[in-house]
Amino acid sequence: MADTPVGPEGPDGFEGPVTAAGRAGLSRRRLLAAGTLAVPLAAVASCGAPNPLAGPPGPSPEVRTLRAAIAAEQALIARYRAALAAHPGLPGSVQTFLAQHEQHLSQLKSRLVVPPHVTPSPVASPSAPASAPPASASATQGSLATAERSAAAAQLGRLASATPSLAQLLASIAASEITHAVALGGGS
Amino acid sequence: MAGAVSALQAVLSAENAAVYGYGLAGALLSGGQLATAQQDWNDHRAACAELTAMITKRGAKPAPAAAAYRPPFPVNSAGAAMSLAAKLEEGVVAAYLGLVAVDDAALRSFGAQGMQTAAVRAAYWRGSTIAFPGMSPTVLRK
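In this report, the structure presented in the accompanying data block is examined. Residue indices begin from 1 for each chain and proceed along its sequence in written order. Chains and ligands are labelled sequentially in the order written, the chains with letters from A and the ligands with numbers from 1. Per-residue local features are limited, in this predicted model, to residues with pLDDT of at least 70; the limit for side-chain atom pairs, both in listing and counting, is 80 or more; totals at the level of whole chains, interfaces and linings are taken over all residues.

Focus on the overall build of chain B
Now for step 1: Labels follow the DSSP assignment, with helices taken as runs of H or I lasting at least four residues and strands as runs of E lasting at least two, numbered in each case from the N terminus. Of the regular secondary structure elements, chain B holds four helices and zero strands.
Now for step 2: Its helices and strands in sequence order give chain B the pattern α-α-α-α, from N to C terminus.
Now for step 3: The C-alpha atoms of chain B give 15 Å as radius of gyration, which agrees with the globular expectation for 142 residues (14 Å, within 12%).
Now for step 4: Along the three orthogonal principal directions, the C-alpha set of chain B runs to about 45 × 40 × 25 Å.
Now for step 5: Put simply, a residue is buried when 20 or more other C-beta atoms lie within 10 Å of its own C-beta and exposed when 12 or fewer do; between those, it is partly exposed, and each C-beta is set from the backbone. Evaluated residue by residue, chain B yields a buried proportion of 42% over its 142 residues.
Now for step 6: When contacts within chain B are restricted to residue pairs at least 6 apart in sequence, long-range pairs at least 24 apart make up 69% of them. All radius of gyration figures rest on C-alpha atoms, and the globule criterion is 2.2 Å times the number of residues raised to 0.38. Placing C-beta atoms from the backbone, we regard two residues as in contact once those atoms come within 7 Å.

The following block contains the structure:
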């Protein structure tokens, strides 16, 4: 986990080891930048905030939630691309759904605010789809429907740790995913 | 919890508008579309009852349904009836989206589920899916 956007670690050691040099190298300016991003988000997520004197917090639950949503969206896009590469004869709607997922990803990424002077590390790239698409186009379509349903269910699991605004975006994406699943023939 | 009650009231009023609107739309539909509209009408009535109970349980008075609602365009053909159904469902999705912003995690989840059900109905009546059901384009970032 070297990809924390707001600071090297939190008071409770959320994130990996920090060297003394790394700590010393943290400029005051960067601390301030990290604070302005992280504090309001943390304040929304939990009213009984931890000790404010304990130092800069690690990535807020909000940032982790956003990163998880981005990784899930990237995995879904990879799955659609593999499906279309293996079965170019899939219905045109599959291409439409892929384009809508690309819109989801771009909205999610636009909310990942990286403070100035922090090197933006890439969001963990999704591992390749676990398996190649099924041999038949209709089974592939079914597997996309299943993937859409699991993606939507996972979004719902992220709502509680999101700010109101991010929760709304995630819920909207989940609703879009369910309409894809139904259109792909995934039943209900 | 004032935010929760007002969000619930907004959902109730969108559901009430849908109940009224499906009555208009149903008169112009036939066959499978009529059957779907009747099922949707029933689902919206059930949602109204549930929301009424949720609001009452929170010590508030559920906002009554209006006697009549003016459709946003003339509804005089099967095509217009389907457009009206799509429009009503979009309104319901947007109302449930408001619930997703409250603090109560159970209400957030309830709101997200309500969005999904209505988004599926909207996609059916519209004939296509959209990327951000319920979201106003103005809040989406360029």
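Regarding the interface of chain B and chain A
Now for step 1: The interface is formed by 23 residues belonging to chain B together with 23 residues belonging to chain A.
Now for step 2: Looking at the side of chain B that touches chain A, the elements with two or more residues in it are helix H3 (78–99) and helix H4 (105–126) of chain B.
Now for step 3: Ten residues, namely Ala, Val, Leu, Ile, Met, Phe, Trp, Tyr, Cys and Pro, are considered nonpolar, four, namely Asp, Glu, Lys and Arg, are considered charged, and the remaining ones, Gly among them, are considered polar. Partitioning the side of chain B that touches chain A into residue classes produces 16 nonpolar, five polar and two charged.

Re helix H5 (residues 137–158) of chain A
Now for step 1: Taking 1.5 Å of rise per residue, the 22 residues of H5 of chain A would be expected to cover 32 Å, and the 32 Å separating its terminal C-alpha atoms lies within 8% of that figure.
Now for step 2: Within H5 of chain A, the full set of buried residues consists of Thr140, Gln141, Leu144, Ala147, Glu148, Arg149, Ala151, Ala152, Gln155 and Arg158 of chain A.
Now for step 3: In the core, the buried residues of H5 of chain A are packed alongside helix H3 (61–86) and helix H6 (164–183) of chain A together with H4 of chain B. Multiplying one less than the number of residues by 1.5 Å gives the expected span of a helix.

Here's the deal with the environment of Pro91 of chain A
Residue and element names in this part refer to chain A.
Now for step 1: Structurally, Pro91 can be placed in the loop between H3 and helix H4 (92–110).
Now for step 2: For Pro91, a count of 13 C-beta atoms within 10 Å corresponds to the partly exposed category.
Now for step 3: Once the C-alpha coordinates of Pro91 and Leu169 are considered, the two residues, 78 residues apart in sequence, prove to be 27 Å apart.

Concerning the packing of H5 of chain A against H6 of chain A
Residue and element names in this part refer to chain A.
Now for step 1: Lines fitted to C-alpha atoms define the axes here, with helix axes fitted over just the stretch in contact, and angles between the N-to-C directions of these axes take values from 0 to 180 degrees. Two elements in contact, H5 and H6, have axes separated by 8 Å at closest approach and are oriented at 160°. By the angle between their directions, the pair H5 and H6 is classed as roughly antiparallel. In this structure, H5 crosses over H6, and the sense of that crossing is left-handed. Across from Ala145, Glu148, Arg149, Ala151, Ala152, Gln155, Leu156 and Arg158 in H5, the residues of H6 making contact are Leu170, Ala171, Ile173, Ala174, Glu177, Ile178, His180 and Ala181.
Now for step 2: Grouping the amino acids of the contact of H5 with H6 by side-chain chemistry returns ten nonpolar, two polar and four charged. Should an angle lie under 35 degrees it is considered roughly parallel, over 145 roughly antiparallel, and from 65 to 115 roughly perpendicular; all remaining angles are considered oblique. A crossing counts as left-handed when the near helix is turned anticlockwise from the far one by less than a right angle, and as right-handed when that turn is clockwise.

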